Amino acid sequence: MLSRKMTALSLTAVMLTAGLLSGCSPKQAGDRSVVTVAEPAMTSLDPHAWQAQILVDQGTILEGLVGYDTNLNLVPKVAERWTESKDGLTWTFYLRKDAKWSNGEPVTAKDFYYAWMRFMGPENTQAPTWESFMQFVVNGSNYHNGAVPADQVGLKVVNPYEIRITLARPHPSLLGWFALSSSMPLYQPVVDKHPNDWFMPQYFVGNGPYVVRKFVPNGTLDLVRNEKYAGNPSGFNVGNVKEIKIIPTPSTPVQTYMAGQLDMAPISNPSDYVFLRKKMPDVVHETPNFQVQGLTFDKALEKSPLDDERVRKAIAMVIDRSIIANKVMNGMVLPTDVFGPPDWPSAKFQKGIPRDVDQAKKLLADAGYPGGKGMPTIHIYTPAVGDPQVLAAVSAADQLKNTLGINAVIEPTTGSLFGDIIWGGYHQDVKPGFFMSNGVVNWWDSSNMDLQTFEAYAYSLPPEWRQYVAKASIATNNPYSVTKYGSPDDEKKGIQEADWKPLQDAFEKDNAFLVQYAASQTDPAYRDSLTPLPSNAEVWQGYLDAWKNAKTDKDKHTAWVNAWNFIGNATGLDMQVWQDQHRPDYAKQWNILSARQAASDLDKAPEIAGQLAQSIIDSGWAVPLYAPKDIYITRPWISNVVFNKFSFGNFFQLQYLTVKDDAAAAKGK
């Protein structure tokens, strides 16, 4: 039984108490300017990927126009100031003239332009464009898709210290995007010369407070002070640590800390937490986080009892969150039945489903499963064994069995597969049930105020919808489109003009529908969200022009493939039309609220986010369970530790770390 395996985790505290407490080895005097930090393993330091390196790219070794202070407020960094036009479409940033690269060269607007265009370049096919403000820039996405040349993108270097950004439509909370790794500048001469390993110590040129002295991919990372760094004179930019050593987070962080091999480490194991609170309370820190974890319908394709709202609501009604929070997670989390910890801005606009076992039993009986009889076993997908979410899932499964007679099987999965189940859309091998989900804030943006509602609004649709959309999205090439237009893998396709006729006919039909559908919407934000800028017609003309201007058969085929994807891939115009024609009213309302939230500023978005989250809660497609705290240990002489409350967790903003010297420590200063 999985629940029995979980008891092994409690052995950690026993081991520590029995053998390692006496092995605690405080750092010796004289080396407190070197701080060793536990972080996830980093395969690269290139900021153009949403991986662990963002923890050092965002402010420590690279510095953007804006960044975070120690309280996660947005503050100017390389930017001296900025302006926003009255219509919200034009943002102009003015750079400080004293900002330097680590080789002494000035940081200029061209460095930002180069990095942003590199990120969005059509050759960067794996770029996580969803984490870049470039998606809002005029022709930013079209440039990435190969539909327009670089000179049609809404970026302009006005002079070495001024860069202008033109948006397709206003985005009131745009500023938060410039603190992200995708917005960092890069030093072009080195990146162009060493495109795959420019971040290695022998090549690295950065503009952050620290530079790379040693880096072993998936191993250790040593950072030392950047002697050329000049921070914004209006704020606090860097502490007094001379060297930061980063090691991959060990499986036993407490033991490693007590052995003197680590100065800062996150704590995620409930047994470790209990031990530390009892034995070493002075080194434990805990703060509220910006996330919620719980159960979400797992996007299974086959029809099941979970397609009945009565069954989903019955499940939501019987789970006692306090048991999970206090008895299973030992107080590391706060119980919640809404999307947000108590002080989250949108939480006050939500109301959870009250716990009512009798009403839940009635709902289940009305659905045809009295006492759980006839109810198929459901599956709960979790991270691999060892992750605390598994403990919560086991508790939820036990409660479903004890109260409703529902059998639930825990399905621990590996990291990549679990991530694919959560973020990868429909998955054909998933059996009906739930997955342990994590609603997070990626960064300061109005669209994040709903804590993503576990993305339930995107996939919680009828089985007929799930099966149709999944068939298009799971295959490498949408089979519906292959049948109609031919395969994009056929290198002979797209060479002749006649190959374009089926696509041309489809475009004209799709575009006519989509334009009319958008125009018929009464909600302005929703209507705008359905009205792409530039228009589909303009983008389509770009594909045609690319084909006409192609010099080789290969280039003609490439232009045709790009057009094929525009019409026929799983998110293309064909599928947009089908979804608009078949979307249930409740899902359309979710889309409307989501569009309103994204179009609002950070002051107005929480109330709209609350409405969206409330609808998800009431439907039972997602069941919030608890809000994790950020818990970590540090040496008592370290201050200005910033734990990342945004997605990815762990420590970041390491540039602020400050240590007391021995004399100050002795005086308790």
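Q: I'd like a rundown of helix α8 (residues 270-279), residues and numbers included.
A: Within α8, the full set of buried residues consists of P270, S271, D272, Y273, F275 and L276. Capping the start of α8, N269 holds a side-chain oxygen 2.7 Å from the backbone nitrogen of S271, two or three residues further along.

Q: Run through helix α11 (residues 357-366), naming residues and quoting values.
A: Every buried residue of α11 is accounted for by A360, L363 and L364. The buried side chains of α11 occupy one side of the element, clustering within an arc of 95 degrees when seen end-on. Where α11 is buried, its residues touch α9 (309-318) and α12 (388-404). Of the residues that open α11, the one with a side-chain oxygen 3.3 Å from the backbone nitrogen of D358 is D356.

Q: Give me the side chain of T634: which residues, what numbers.
A: Here T634 shows up in strand β18 (residues 622-634). Classification of T634 as buried rests on a relative accessible area of 2%. A polar contact of 3.0 Å, which involves the side chain of T634, links it to the side chain of H285. Apart from residues no more than four positions distant in its own chain, T634 is found in contact with Y257, D263, M264, V283, H285 and V641.

Q: Can you explain the packing of helix α22 (residues 585-599) against helix α23 (residues 605-619)? Please cite residues and give values.
A: In contact at an axis separation of 8 Å, α22 and α23 are set at 155 degrees when each is read in the N-to-C sense. In terms of their interaxial angle, α22 and α23 are classed as roughly antiparallel. In this structure, the crossing between α22 and α23 has a hand that is left-handed. From α22, W590, L593, S594, R596 and Q597 reach across to α23, where they touch A605, I608, A609, Q611, L612, S615, I616 and S619. Here the residues of the contact of α22 with α23 sort into seven nonpolar, five polar and one charged.

Q: Outline the pattern of salt bridges, listing residues and values.
A: Applying the stated rule across the entire model yields 20 salt bridges. Among the salt bridges present, the one from R466 reaches D307, with a minimum N-O distance of 2.8 Å. Taken together, the residues R466 in helix α15 (residues 463-474) and D307 in the loop between β13 (291-297) and α9 connect sequence positions 159 residues apart. Close ionic contact of D505 with K501 constitutes a salt bridge, the shortest N to O distance being 2.8 Å. Residue D505 and its partner K501 are both found in helix α17 (residues 501-519); the two are separated by four residues, about one turn of the helix. Classification of D505 by relative accessible area gives partly exposed; the value is 37%.

Q: Can you tell me about the sheet that holds strand β7 (residues 162-166), naming the residues and giving the values?
A: In spatial order, the strands read β4-β5-β7-β6; together these four strands make up an open sheet with antiparallel pairing. If you trace the sheet from one side to the other, it starts and ends with β4 (79-84) and β6 (155-159), each paired once. Neighbour-to-neighbour, the strand axes of the sheet open up by a mean angle of 20 degrees, direction not taken into account. As defined by bridge partners, β6 adjoins β7 across four bridges and the pair is classed as antiparallel.

Q: Account for the environment of G235, naming residues and giving values.
A: Along the chain, the position of G235 falls in the loop between β9 (221-225) and β10 (243-248). Classification of G235 as partly exposed rests on a relative accessible area of 41%. Put simply, G235 and K77 are 158 residues apart on the chain and 8.5 Å apart in space, counted from C-alpha to C-alpha.

Q: Can you break down the environment of W578 residue by residue, with the values?
A: Mapped onto the elements, W578 comes out in helix α21 (residues 573-582). Looking at W578, the relative accessible area reads 15%, which means it is buried. Apart from the residues lying within four places of it in its own chain, the contact partners of W578 are W465, Y468 and V469.

Q: Summarise the packing of aromatic side chains; cite the residues concerned and give the values.
A: Taken as a whole and assessed by the stated rule, the structure comprises 39 aromatic pairs. Between W82 and F93, the aromatic rings sit 5.9 Å apart at their centres with planes inclined by 40 degrees, giving tilted as the arrangement. Taken together, the residues span a long stretch of sequence, with W82 in strand β4 and F93 in strand β5 (residues 90-95) at a distance of eleven residues. For the pair W540 and F566, a centre-to-centre distance of 6.4 Å together with 25 degrees between the ring planes defines the contact as stacked. Taken as a pair, W540 in helix α19 (residues 536-549) and F566 in helix α20 (residues 553-568) lie far apart in primary sequence, 26 residues in all. Taking the relative accessible area as the measure of exposure, W540 reaches 2% and is therefore buried.

Q: I'd love a proper account of the nonpolar core, names of residues and values included.
A: Grouped together as the largest cluster of nonpolar side chains are 206 residues, with contacts concentrated most on W116, F133, I165, F178, W540 and L657. Of the residues forming this core, the biggest block, nine residues, is contributed by α12. Excluding residues within four positions of it along the chain, I165 makes contact with L89, T90, W91, F93, W116, F133, V137, G154, L155 and F178. In this structure, Y517, A525, Y526 and A595 belong to the second largest nonpolar core, which totals five residues.

Q: Please set out unusual backbone geometry residue by residue, giving values where relevant.
A: For the peptide bond that leads from L533 to P534, omega is -10 degrees, which places it in the cis range. Assignment of secondary structure puts P534 in the loop between α18 (524-529) and α19. Of note in the backbone geometry, L451 takes a positive phi value of approximately 50 degrees without being a glycine. You can see L451 is positioned in the loop between β17 (433-440) and α14 (456-459).

Quick notes on the rules
Residues numbered from 1 in each chain as written. Predicted model: local features only at pLDDT ≥ 70, side-chain atom pairs only at ≥ 80, totals over all residues. Heavy atoms only, no water. Buried < 20%, exposed > 50% of the residue type's maximum accessible area, 1.4 Å probe, protein only. Helix = DSSP H or I, 4+ residues; strand = E, 2+ residues; numbered from the N terminus. Polar contact = N/O pair within 3.5 Å; in protein donor to acceptor, adjacent residues only side chain to side chain. Arc of directions from axis to C-beta. Contact = heavy atoms within 4.5 Å. Axes fitted to C-alpha atoms, helices over the stretch in contact; angles between N-to-C directions. Parallel < 35°, antiparallel > 145°, perpendicular 65-115°, else oblique. Left-handed = near helix turned anticlockwise from the far one by under 90°. Nonpolar A, V, L, I, M, F, W, Y, C, P; charged D, E, K, R; others polar. Salt bridge = Lys/Arg side-chain N within 4 Å of Asp/Glu carboxyl O. Pairing = 2+ DSSP bridges. Phe/Tyr/Trp six-rings, centres within 6.5 Å; stacked < 30°, edge-to-face > 60°. Core = buried A, V, L, I, M, F, W, Y, C linked by side-chain atoms within 4.5 Å.

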